Amino acid sequence: MLNDGSSQLLRLENVCKSYHKNLVLENISFSVNRGKTVTIIGPNGAGKSTLMKISLGILGVSSGSVFRPKSISVGYMPQKVMIDDVLPLSVQDFLYLRPNISYDEVKNVLDTVRLSHISNLPVQSASGGEMQRILLARALLGKPDLLVLDEPVQGIDIMGQQEIYGLIAKVRDETGCGVLMISHDLHLVMASTDQVLCLNQHICCSGTPEFVQKDPEYHAMMGRPMEGVAIYTHHHAEGHDDHHHHHHHTTVENEPDHD
């Protein structure tokens, strides 16, 4: 580490964004540091996608500042990728589409996301959860300092969601990358998120997941009490003795895709 600032991968200061005089983001400030996860949650139309594009540097700001060290590598995991059925690509071939990638890099990244067993199968045959892990693998190929994830678990069952969040946390802990994630909901990201920002054009509340979960602004914004949250706050609910705690929580609804 060179100096204090070197652990900071991204910083937004008083960022505002307007489209045709409509204020979409108002006065947004936050930062993402190495080894930390920041999760942005909020209702549809809250400006989450706009904030993500600004963070990635593909959209300018109307006012305010964005700081991102020039030298860092950013890995991006999109919400969904449509793959043409006419193109019969294996999972590993899909990853080879990235330029300058070696066989070993593809092999390693498939090991990381636990998909080596389907590396020769067509991408089209992958399940929803597998496809999201393939997209995570692709984002990891650039050895990112900053991993940016847009709703990484949409449309996947709860077990699959827990697995993906677990993998993201594992990668973060092993590589020291920072993570910026957009999520629809708080309940599953709890265990591995350092800071939650509730966004509705402006930042309504922010803090640790436990803190945000108690904030009335959060409940007002998300519109319903969050049953099923508490079970993920104590260790990662993997011990065999606590299955009885959460078998009845697995009905947490999957949000339909409204974007």
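Let me sum up the structure you'll find in this document. Nothing here was measured: the structure is a model prediction, and the numbers come from that model.

1. Some remarks on the packing of aromatic side chains
On inspection of all chains with the given rule, the structure shows zero aromatic pairs. Sitting over the face of the ring of Phe67, Arg11 holds its NZ or CZ atom 4.1 Å from the ring centroid.

2. Re the pairing of strand S2 (residues 22-33)
Two elements, strand S1 (residues 8-19) and S2, share eight bridges in a ladder whose sense is antiparallel. Residue pairing in the sheet places Ser18 in a bridge with Leu23 of S2. Between S1 and S2, which pair antiparallel in sequence order, lie two residues; one of them, His20, sits at a positive phi of approximately 45°.

3. Things to note about the sheet that holds S1
Reading across the sheet, the three strands line up as S2-S1-S4 and stay open at both edges, with antiparallel pairing between neighbours. Two strands bound the open sheet, and with one partner strand each, they are S2 and strand S4 (63-67). Mean inter-strand twist for the sheet, computed between neighbouring axes without regard to direction, equals 15°. Bridge count between S1 and S4: four bridges; the pairing is antiparallel. The residue of S4 that forms the bridge with Cys16 is Ser63. Across the face of the sheet, helix H1 (residues 48-56) comes into contact with S1, S2 and S4 while running at roughly 130° to S1.

4. Points about the pairing of strand S5 (residues 74-77)
Side chains Gly75 and Met77 project from S5 onto a buried face, and the interleaved Val74 and Tyr76 project onto a face without burial. When S5 meets strand S6 (residues 146-150), the two strands line up parallel, connected through four bridges. Bridging across to S6, Tyr76 finds its partner in Val148.

5. Focus: the pattern of salt bridges
Note on pairing: side chains with opposite charge can pair once their charged atoms come close. For the structure on display, the rule yields ten salt bridges. For Asp145, the salt bridge identified is with Arg34, shortest N-O distance 3.2 Å. Linking Asp145 in the loop between helix H4 (128-140) and S6 with Arg34 in the loop between S2 and strand S3 (37-41), this pair joins segments that are 111 residues apart in sequence. Using a relative accessible area of 29% as the deciding quantity, one classes Arg34 as partly exposed. Note that Asp111 is salt-bridged to Lys107, the shortest N-O span being 4.0 Å. A residue pair is termed a helical-turn pair when its members lie 3 or 4 positions apart in one helix, as Asp111 and Lys107 do in helix H3 (residues 103-112) at four residues. Judged by its relative accessible area of 39%, Asp111 is partly exposed. Of the residues examined, Lys107 reaches a relative accessible area of 41% and is grouped as partly exposed.

Thresholds, definitions, all that
- Sequence order as written defines the numbering, with residues in each chain counted from 1.
- For this predicted model, a pLDDT threshold of at least 70 governs which residues receive local features, and a threshold of 80 or more governs which side-chain atom pairs are given and counted, while totals over whole chains, interfaces and linings are taken from all residues.
- Think of the side-chain values as coming from all heavy atoms in the structure, minus any hydrogens and water.
- Classification of ring pairs rests on two measures: the distance between centres of Phe, Tyr or Trp rings, Trp counted by its six-membered ring, which must be within 6.5 Å, and the angle between planes, read as stacked under 30 degrees, edge-to-face over 60 and tilted in between.
- Counted as over-ring charges are cases with an Arg CZ or a Lys NZ within 6 Å of the ring centre that also lie within 35 degrees of the ring normal.
- Think of it this way: DSSP has to see at least two bridges between two strands before they count as a pair.
- Secondary structure follows DSSP: runs of H or I at least 4 residues long count as helices, runs of E at least 2 residues long count as strands, and numbering of each begins at the N terminus.
- For helices, the fitted axis covers only the stretch in contact; all axes are lines through C-alpha atoms, and the angles between them, taken along N-to-C directions, range from 0 to 180 degrees.
- In this description, contact between two residues means that some pair of their heavy atoms is separated by no more than 4.5 Å.
- Relative accessibility thresholds used throughout: buried, under 20% of the residue-type maximum; exposed, over 50%; partly exposed, between the two (1.4 Å probe, protein chains only).
- A pairing counts as a salt bridge when a side-chain nitrogen of Lys or Arg comes within 4 Å of a carboxyl oxygen of Asp or Glu.

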